[in-house]
Structures are given as C-alpha cells and as structure tokens.
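The chain contents come next:
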Amino acid sequence: MITVGLTGGIGSGKSTVANFFSELGVPVYIADIEAKKLMNTSKIIQKKIVAEFGKEAYGNDNQLNRAYLAAVVFNDKSKLAAINNIVHPKLAKHFSKWLEMQKALYVIQENAIIFENNSANRFDYIITVTAPIEQRIERVILRDKSTKVKVVARMKNQWDEAKKNELADFVIHNINLSDTKRQVKFIHKKLIKQIIDKKALK
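Residues numbered from 1 in each chain as written. Predicted model: local features only at pLDDT ≥ 70, side-chain atom pairs only at ≥ 80, totals over all residues. Heavy atoms only, no water.

## A closer look at the side chain of Thr128
Here is step 1 of the chain: By secondary structure assignment, the location of Thr128 is in strand E4 (residues 125–130).
Here is step 2 of the chain: The buried category is assigned to Thr128, whose relative accessible area is 0%.
Here is step 3 of the chain: A distance of 2.8 Å separates polar atoms of two side chains, one belonging to Thr128 and the other to Asn165.
Here is step 4 of the chain: Once you skip the residues sitting within four places of it in the chain, Thr128 turns out to touch Thr7, Phe115, Lys164, Asn165, Ala168, Phe170, Val171 and Ile172. (Helix = DSSP H or I, 4+ residues; strand = E, 2+ residues; numbered from the N terminus. Buried < 20%, exposed > 50% of the residue type's maximum accessible area, 1.4 Å probe, protein only. Polar contact = N/O pair within 3.5 Å; in protein donor to acceptor, adjacent residues only side chain to side chain. Contact = heavy atoms within 4.5 Å.)

Dropping the structure here:
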C-alpha cells in the first residue's frame, strides 16, 4: 500500500485539502482526530499523561482537558515533546491497523508534525500545504476563537513552511479554494500514474 503524508503549518488548510482528496475516493487518516480519541480511550496513554502533566490533564468526566494541556505544551517545547513521545507510538500502531483494512491504490495520513517528529521516512510521498502567514493566522483566529499571540506561539513549535516545502514531493498553495481543488486533482492523477507505472515495471 502506497502511503502519502499530508502536512503543513497550522492554518495552512490541511483539512480542506484532505477533504478534497477524500472526495476523490482516497482513504484519509486524520492523525489529530485519532490521537485525541486515543488520549480519551487508552488507559495506558491516560496514565502516562497524568504522570507527566498532573491530574488536571483530565476532567471529572475522564475526558482530556484540552485547554489545560494546550496551554502547557504550546509554551514549553519539552512538554510538547513529552506528549508526542507518549501518543505517537500508539498512534503509529493504530494507523498500521487502519492501513491493513484499506483497498485503494494509495492512502493519505494528514499530520501536522510529520517532519517535526521525524516520521517522513514512513511515507512514500509527502505533500505539504502552504499559505501566506497572515492568512494562516486569520484562519486559526476565526476557527479556534483564539488570539494572534496564541496562534503565533503555536506556529513557533512547528517547522518553517519553506523548510517543509523543500523536502516535500508536492506542494499545494492553498489560497483560492477552486485553485486548491485543481492542484489536488492534478496531484491525484500524477500519483495514480506513478503507482500504476511502478506496478507495470515489476
């Protein structure tokens, strides 16, 4: 199974691009959503998070206290690394099981920190999504009801987009939705062709 990593900085529009690929019939695994599910359901993960971040990490309903955790990790890189080290090994196993159930020519994993967590080598191709920084900030402020200061703080924990783009196989410039969809269709056709051509050579 060919795996494609879809990444980009906060506010770049990864979810929009992922939805466009999904509309084309490509199975898409949203790492952020699955990670949150695991943090709420895995007793092992919960125990490790409480040990690292304290009982405040979970509410009385035993659900993740996302606001508390975000306030901690996005202001402390060591804490961000700690939660990634707790969650991502379990997430990788979950993705592998999901992958076994797919039948498409290729699948996509949408993951904001593919480069940051050194997992780029797990994918056959990498797509990055990019957009002007002010547009990204505005999108996140509207989406999360956040402030510019908080958004910029989160951005500082991610690689610079230019650095990601240099390492990617494909770059999608997500500024205009119709143009973004056109880029997605172009990459989809190119991936299908490359996969079929490789199979023909075997």
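## Quick word on the nonpolar core
Here is step 1 of the chain: Membership of the largest hydrophobic core comes to 23 residues, with the highest contact counts inside it found for Met39, Ile45, Ile49, Phe53, Ile83 and Val87.
Here is step 2 of the chain: At the level of elements, helix H2 (31–41), helix H3 (43–53), helix H4 (66–73) and helix H5 (77–100) are the ones that each hand at least two residues to this core.
Here is step 3 of the chain: The element contributing the most residues to this core is H5, with nine residues.
Here is step 4 of the chain: Those residues within four positions of Met39 in sequence are excluded, and the remaining contacts are Ile45, Gln46, Ile49, Tyr58, Leu64, Ile83 and Val87.
Here is step 5 of the chain: Ranked by size, the runner-up nonpolar core spans 18 residues in total, among them Phe20, Phe21, Val129 and Ile195. (Core = buried A, V, L, I, M, F, W, Y, C linked by side-chain atoms within 4.5 Å.)

## Considering a positive patch on the surface
Here is step 1 of the chain: Where like charges cluster on the molecular surface, the positive patch consists of Lys48, Lys90, Lys93 and Lys97.
Here is step 2 of the chain: Here the element with the most residues in the positive patch is H5; it accounts for three residues.
Here is step 3 of the chain: Along the polypeptide, Lys90 turns up in helix H5.
Here is step 4 of the chain: Note on Lys90: relative accessible area 34%, which makes it partly exposed. (Patch = residues over 30% accessible without salt bridge, like charges linked within 9 Å, V, L, I, M, F, W, Y side chains within 5 Å. Areas by Shrake-Rupley, 256 points an atom, 1.4 Å probe, with all protein chains shown as cover. Salt bridge = Lys/Arg side-chain N within 4 Å of Asp/Glu carboxyl O. Lys, Arg positive; Asp, Glu negative; His and termini not counted. Charge placed at Lys NZ, Arg CZ, Asp CG, Glu CD.)

## Some details on the pairing of strand E3 (residues 106–110)
Here is step 1 of the chain: Of all five residues in E3, five are buried, a share of seventy percent or more.
Here is step 2 of the chain: Where burial is concerned, the two faces of E3 agree: the one with Tyr106, Ile108 and Glu110 and the one with Val107 and Gln109 are both buried.
Here is step 3 of the chain: Here strand E1 (residues 2–8) runs beside E3; their pairing, made up of five bridges, is parallel. Residue pairing for E3: Val4 is matched across the bridge by Ile108. (Pairing = 2+ DSSP bridges.)

## Remarks on the environment of Lys36
Here is step 1 of the chain: Structurally, the position occupied by Lys36 is in helix H2.
Here is step 2 of the chain: Sequence separation between Lys36 and Leu91 is 55 residues; the distance between their C-alpha atoms is 9.9 Å.

## Some words on helix H6 (residues 133–144)
Here is step 1 of the chain: With 12 residues, H6 should cover 16 Å at 1.5 Å per step; its first-to-last C-alpha distance of 16 Å lies within 8% of that length.
Here is step 2 of the chain: Residues of H6 that are buried: Arg136, Ile137 and Val140. Along H6, the residues classed as buried sweep out an arc of 100 degrees about the axis, all on the same side. Exposed positions of H6 whose direction lies more than 90 degrees from the buried face are Glu138 and Leu142.
Here is step 3 of the chain: Buried residues along H6 sit in contact with helix H7 (148–155) and helix H8 (161–167).
Here is step 4 of the chain: Positive phi shows up at Lys145, right after H6, with a value of about 55 degrees. (Expected span 1.5 Å × (residues − 1). Arc of directions from axis to C-beta.)

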